[in-house]
Amino acid sequence: MSITAVTVFALAAIVAGAGKERKGHVFGAGA
Amino acid sequence: MPALLALFVRYRVKESEVWQKSREESWSGLGRAIVSHWKLFLYLTLLMTTMNFVSHGTQDMYPTFLERQWHFGPSQRSLMTGVSMVGAIVGSLVIGLFSDRYGRRRAMIVALLGGIAMAPLWAYAPSTALLVMGAFLIQFMVQGAWGIIPAHLSELSPDSVRGFMPGFAYQCGVLVASTVVYIEPVLAKTMGYA
């Protein structure tokens, strides 16, 4: 369970890091 | 009371300005908006798949783990679940505040890496006290990362599909991650619960 958990956590961290926080994208800005 | 609340919402609550400006007039318009953001949709689905693997992977089999490895009875198992959920609440508060100050991605990465650091304590605690600590800390990290998800999905979704994209991608991720229900007992059988 622990090895599997570490693998899954690492994968989730990589995916989370691969996303982008949109610069200049503000609610209501019409994006 | 719910009926009165519905009436209050109907007559007193106004639609947001964002929706007024970006509303889709037809289903085809909504479809085109979604297709034009297909990469984002795939990313959100993948993100939700991995996040559901993390949360279900640390919760679904945990009572069984406590029962079979630690020989805990129902009251002890429910107490441990309560402790872990307190960890979840505290984690979502702390990591949520961290995300407001330092960014959603950074906070999620920190929380998930924190989860890796806590995994040995959570799974291989040498004493009951450390087991309790591990249960608290693993859910502190997991639900700390999860607490950011609603804001993150909404902020990543463009105005034109914000009502549809976060929820649909979320549920598609849940659908893909539903395989975890099969994977968990198979792994527990072959690799053990800890």
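Now for a look at the structure at hand. Computed from a predicted model, the values in this text were never measured in an experiment.

Another aspect to go through is the interface of chain B and chain A. It is common to give the size of an interface as the accessible area that goes away when the parts come together. Facing 34 residues of chain B, the contacting portion of chain A comprises 21 residues. Looking at the side of chain B that touches chain A, the elements with two or more residues in it are helix H2 (17–22), helix H4 (38–59), helix H7 (104–124), helix H8 (128–156) and helix H10 (180–191) of chain B. A total of twelve residues in the side of chain B that touches chain A trace back to one element, the largest contributor, which is H7(B). Of the residues contributing to the side of chain B that touches chain A, the split by class is 22 nonpolar, six polar and six charged.

Below, the discussion takes up the environment of Met108(B). Along the chain, the position of Met108(B) falls in helix H7. You can call Met108(B) buried: it has 28 C-beta atoms within 10 Å. For Met108(B) and Ile149(B), which are 41 residues apart along the polypeptide, the C-alpha to C-alpha distance reads 8.8 Å. Discounting residues that sit within four places of it in the chain, Met108(B) has contacts with Ala16(A), Ala145(B) and Ile148(B).

A word on the packing of H7(B) against H8(B). Residue and element names in this part refer to chain B. Packing of H7 against H8 leaves a shortest axis separation of 9 Å and a crossing angle of 160°. With respect to each other, H7 and H8 are oriented roughly antiparallel. By crossing handedness, the relation of H7 to H8 is classed as left-handed. Broken down by class, the residue content of the contact of H7 with H8 amounts to 17 nonpolar, five polar and one charged.

What follows is about the packing of helix H5 (residues 62–70) of chain B against helix H6 (residues 74–102) of chain B. All names here are of chain B. The geometry of H5 relative to H6 is characterised by a closest axis approach of 10 Å and an angle of 135° between their N-to-C directions. Relative to H6, the element H5 is oriented oblique. Handedness of the crossing formed by H5 with H6: right-handed. Contact residues: H5 offers Pro63, Leu66 and Glu67, while H6 offers Arg77, Met80 and Thr81. Residue composition of the contact of H5 with H6, by class: three nonpolar, one polar and two charged.

Rules used in this analysis
Residues numbered from 1 in each chain as written. Chains lettered and ligands numbered in written order. Predicted model: local features only at pLDDT ≥ 70, side-chain atom pairs only at ≥ 80, totals over all residues. Contact = placed C-beta atoms within 7 Å. Helix = DSSP H or I, 4+ residues; strand = E, 2+ residues; numbered from the N terminus. Nonpolar A, V, L, I, M, F, W, Y, C, P; charged D, E, K, R; others polar. Buried ≥ 20, exposed ≤ 12 C-beta atoms within 10 Å, placed from the backbone. Axes fitted to C-alpha atoms, helices over the stretch in contact; angles between N-to-C directions. Parallel < 35°, antiparallel > 145°, perpendicular 65-115°, else oblique. Left-handed = near helix turned anticlockwise from the far one by under 90°.

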